[in-house]
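Summary of structural features
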Amino acid sequence: MAHYYATWLMFSRYKLAGFAGLSLTGALLAQPALAQNQPGIPASAQAIGLASDSLTLGGTVQAVLDANPGITNLTELANAASSRLNQSQAGFLPQITGTATYTRLDPVSKVAFGNDVLSFVPNNNFDAHITAQYELYDFGKRAATTDLSRSQVQTAQDNIIVARRDLAFNAAQVYYNILFMRESIRVQDQQIASLVAHRNEMEKRVEAGVSTKFDVTTTDVRITQAQNTKLDLQNQLRNQQVQLARLLHKPQQADVPVKGRLEYNPQPVNLDAELTKAATNRPEVKLSKDAEATAELQAKLISKSNLPVLGVGAQVGGKNGYILPNVAITDIRFNTVGVAQLSVPIYDGNKNKKQRVEAAANYRATQARTQDTQEQIRADVRQAANNMEFSQARYNNAVQQVTQATDALTRAQGRYRYGVGQNLDVLDAETQLAQARLARAQAMYNYTLGQYQLRRATGEQIWQ
C-alpha cells in the first residue's frame, strides 16, 4: 500500500503542474460518488462529492466570468480608452468659449475740456464676448493623436479577451480537478469495498479453521491504509472546491457543487493546420501587433509634434470704454475681432530629436516581442499536441493494465480460495488494480486538459 500511496503522490504532483488549455466541451453526466461509511472516516469527509450537482462545465466557467471583478476592471479601462479616443476626435471641431468680465478702476485718467471733464477709461468696465477658435492646419498631428488613441482602445479590448480566456482556463481546470478527485475517490472506494469483502470471506475461513487470524489482521491494515489514502483525496477535493469558491467570489461557500464525469474522447490533430490557426487567432499575437502599431503611431506623433500650427479665431461681443463721437464712454458697444495665427517651433533643446530616438527604439523592441510571441505560440501548439499524443498512449496502456490487473486479482482470489495461494498475493493484486484504475483516470484527465490546452494554444474561444 505504501507503493500505491507514493504513486498517488506522483500523480498528484503531475496533476497540480496543470496544462495550459481549456474548452467548454466535456463530460456532463452526473457522477454518483461511491463513498461508503468506513471506520475512522469523518462523516463530513465521506459526504464530499455527494452534494446535489448543479454546475456543468459551461455553467462553472460562465459563473466565474460573471463574478470576477478583474473583468469589470479591464472593461472600465477599455471604456476609459474609448473616452480618450472621443476626446482626441474633439480636436477636429471648433472650440467655442463665452466670457463675461467686470472690472472696477480707481482712479482713472481724466482731462478738463471746457465745462466738462472727459474720462479716457470708465470706472466700471464691462466686457462680454463669445470666442471661436479652430486649428486650420497642423500637418497631421491631430490625426496622429486620434490614430494612437484608437490603437490604445484596441489594446484594451484585446486585454479583456486574454483575461477572460485565462480566467476561463482557471475555472475549467479547477472543474476538472474536482472531477478527477471524485474519480480517484471512486477508485479508492472500489478498493476498500473489495478489501472488506475479502476480509469477510477470510473471517468465515478462520471460523472454519482453514485460515489464520493473521490474514484478517493483515487485510485490516490494508483497509486502514486505503481509508487514509481516501482521506487525503477527500482533502484535496475539498481544497479544489475552496479554490472554485474563490473564483466564484463566494468565500463563505467552500463546497460548490458541480456535475460531470471524466470522459475520454480522442480526436485527430493536424499539427500544420493548428499552427496556422494559432498564428491567426491567438490574442497574444493581436496584443503584440497592437503594441507594435501603438509604438509606430507614437513615433509618428512625435515626428509631427514640432511642426507649425495654423489657427484662426473670431470673437463677437459687447463692451464699454470706447471713445467715439456721440457715444458715452460708459455705453456698451457691439464689437468683433478676427485673428489668424501661425505658431512655428524654432528650438526645443533637441528634445524632439531625442524623443524620436526613443520612439524608434520602442518600435524595434515591440517588433522583437512580436517575433518572440509567435515562437512561443508555435511551441505552445506543439506541446499541446505532444501532451495529447502521450496521454492517449498512457490511456491505452492503462486500459490494458486494468484488464491485466483484474485478471491477476481474479486468479489470486481463486488460488487463495482453493488453498494454493497466499493472502498477500490477493492484497498485492488489489493494490495493483487500484493503481491501474487511477492511472486510467489520470490519463483521461491529462488527455482532456490536453484537448483544452490545444484549443487555448490555437486561440479558439473557450467560453460562451
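Note that the coordinates shown come from a computational prediction; the quantities given were computed from them, not determined experimentally.

Thresholds applied
- Residues numbered from 1 in each chain as written.
- Predicted model: local features only at pLDDT ≥ 70, side-chain atom pairs only at ≥ 80, totals over all residues.
- Heavy atoms only, no water.
- Pairing = 2+ DSSP bridges.
- Helix = DSSP H or I, 4+ residues; strand = E, 2+ residues; numbered from the N terminus.
- Axes fitted to C-alpha atoms, helices over the stretch in contact; angles between N-to-C directions.
- 1 Å grid on protein atoms, 1.4 Å probe; cavity = no way out; pocket = protein on both sides within 12 Å on 5 of 7 lines; lining within 4 Å.
- Points joined across faces, edges and corners; volume = space filled by probe spheres on them.
- Nonpolar A, V, L, I, M, F, W, Y, C, P; charged D, E, K, R; others polar.
- Domains from an automatic or database assignment.
- Buried < 20%, exposed > 50% of the residue type's maximum accessible area, 1.4 Å probe, protein only.
- Polar contact = N/O pair within 3.5 Å; in protein donor to acceptor, adjacent residues only side chain to side chain.
- pLDDT = per-residue confidence, 0-100.
- Contact = heavy atoms within 4.5 Å.
- Arc of directions from axis to C-beta.
- Core = buried A, V, L, I, M, F, W, Y, C linked by side-chain atoms within 4.5 Å.
- UniProt positions renumbered as here; feature names shortened; annotations may be inferred.
- Parallel < 35°, antiparallel > 145°, perpendicular 65-115°, else oblique.
- Left-handed = near helix turned anticlockwise from the far one by under 90°.
- Phe/Tyr/Trp six-rings, centres within 6.5 Å; stacked < 30°, edge-to-face > 60°.

1. What about the sheet that holds strand E1 (residues 95-104)?
The strand order across the open sheet formed by four strands is E1-E4-E5-E6, and the pairing between neighbours is antiparallel. The sheet terminates laterally at E1 and strand E6 (333-343), the two strands that pair on one side only. Between one strand axis and the next, the sheet turns through 20° on average, direction left out of account. Both strand E4 (residues 124-137) and strand E5 (residues 309-319) contribute to a ladder of 10 bridges, which runs antiparallel. Its bridge partner being in E5, Ile130 is matched across the sheet by Val316.

2. A short note on the layout of surface pockets
In this model, the largest pocket occupies a volume close to 280 Å³. As for the largest pocket, its lining consists of 15 residues, and the residues nearest its centre are Gln133, Tyr134, Glu135, Gly311 and Val312. Elements with a contribution of two residues or more to the lining of the largest pocket: E4, E5 and E6. With five residues, the top contributor of residues to the lining of the largest pocket is E5. Split by residue class, the lining of the largest pocket holds six nonpolar, seven polar and two charged. In terms of domain composition, the lining of the largest pocket takes at least three residues from each of domain 1 (57-93 + 138-307 + 345-458) and domain 2 (96-137 + 308-344).

3. Details of the side chain of Arg186
Mapping Arg186 onto the fold places it in helix H5 (residues 141-208). According to the relative accessible area criterion, Arg186 is buried, its value standing at 11%. At 2.5 Å, the side chain of Arg186 forms a polar contact with the side chain of Glu183.

4. Thoughts on the confidence of the model for the protein
Mean pLDDT for the protein: 81, with 87% of residues reaching 70 or above. For the protein, per-element mean pLDDT is lowest for helix H2 (residues 43-46), which scores 36, and highest for E1, which scores 94. Segment residues 1-53: pLDDT under 50, and 148 contacts once partners within four positions in sequence are set aside and those in other chains are kept.

5. Describing helix H7 (residues 271-281)
Since the α-helix advances by 3.6 residues per turn, residues separated by three or four positions end up pointing in the same direction. The set of residues buried in H7 consists of Glu274, Leu275 and Ala278. The buried residues of H7 occupy an angular sector of 100° when projected down its axis, which confines them to one face. Every exposed residue of H7 that faces more than 90 degrees away from the buried side is listed here: Asp272, Thr276, Ala279 and Thr280. Buried residues belonging to H7 abut helix H8 (283-304), helix H9 (351-417) and helix H10 (423-457).

6. Quick notes on the nonpolar core
Residues Leu57, Val61, Val64, Tyr176, Phe180, Leu244 and Leu262 are the most contacted members of the largest nonpolar core, which totals 46 residues. Put simply, the parts of the chain that give this core at least two residues each are helix H3 (57-67), H5, helix H6 (213-247), H7, H9 and H10. In terms of residue count, H5 provides more of this core than any other element does, 12 residues in total. By size, the runner-up hydrophobic cluster in this structure holds 11 residues, among which are Val402, Ala412, Tyr416 and Leu433.

7. What about the UniProt feature "coiled-coil region" (unreviewed entry) in the protein?
Look at the UniProt record and you will see "coiled-coil region" (unreviewed entry) annotated at residues 223-250. For residues 223-250, the end-to-end C-alpha separation is 37 Å, with 89% helix and 0% strand making up the annotated structure.

8. A look at the packing of H8 against H9
Running from N to C, H8 and H9 cross one another at 170°; their axes reach a closest spacing of 9 Å. It follows that H8 is roughly antiparallel to H9 by the angle criterion. In the crossing of H8 with H9, the sense of the turn from one axis to the other is left-handed. Considered class by class, the residues forming the contact of H8 with H9 number eight nonpolar, 10 polar and six charged.

9. Details of unusual backbone geometry
If a residue is not glycine, its phi is most likely negative; likewise, a peptide bond is most likely trans. The omega torsion of the bond from Asp106 to Pro107 falls at -10°, within 30 degrees of zero and hence cis. The topology assignment puts Pro107 in the loop between E1 and strand E2 (110-113). One non-glycine residue with positive phi stands out, namely Asn350, at about 65°. Asn350 gets classed as partly exposed once you look at its relative accessible area, which sits at 40%.

10. Concerning the packing of aromatic side chains
Under the definition given, this model contains seven aromatic pairs. Note on Tyr264 and Tyr395: the rings are 3.7 Å apart at their centroids and 20° apart in plane angle, and the pair reads as stacked. A residue pair is termed long-range when its members are at least 10 positions apart, and Tyr264 in the loop between H6 and H7 and Tyr395 in helix H9 qualify at 131 residues. The pair Tyr264 / Tyr395 is uniform in exposure class, with both members buried. Judged by centre distance (5.1 Å) and plane angle (55°), the ring pair of Tyr264 and Tyr447 falls under tilted. Here Tyr264 is found in the loop between H6 and H7, whereas its partner Tyr447 is found in helix H10, with 183 residues between them in sequence. Each member of the pair, Tyr264 as well as Tyr447, is classed as buried. Through pairs of rings, three or more aromatic residues link up here, namely Tyr175, Tyr176 and Tyr452.

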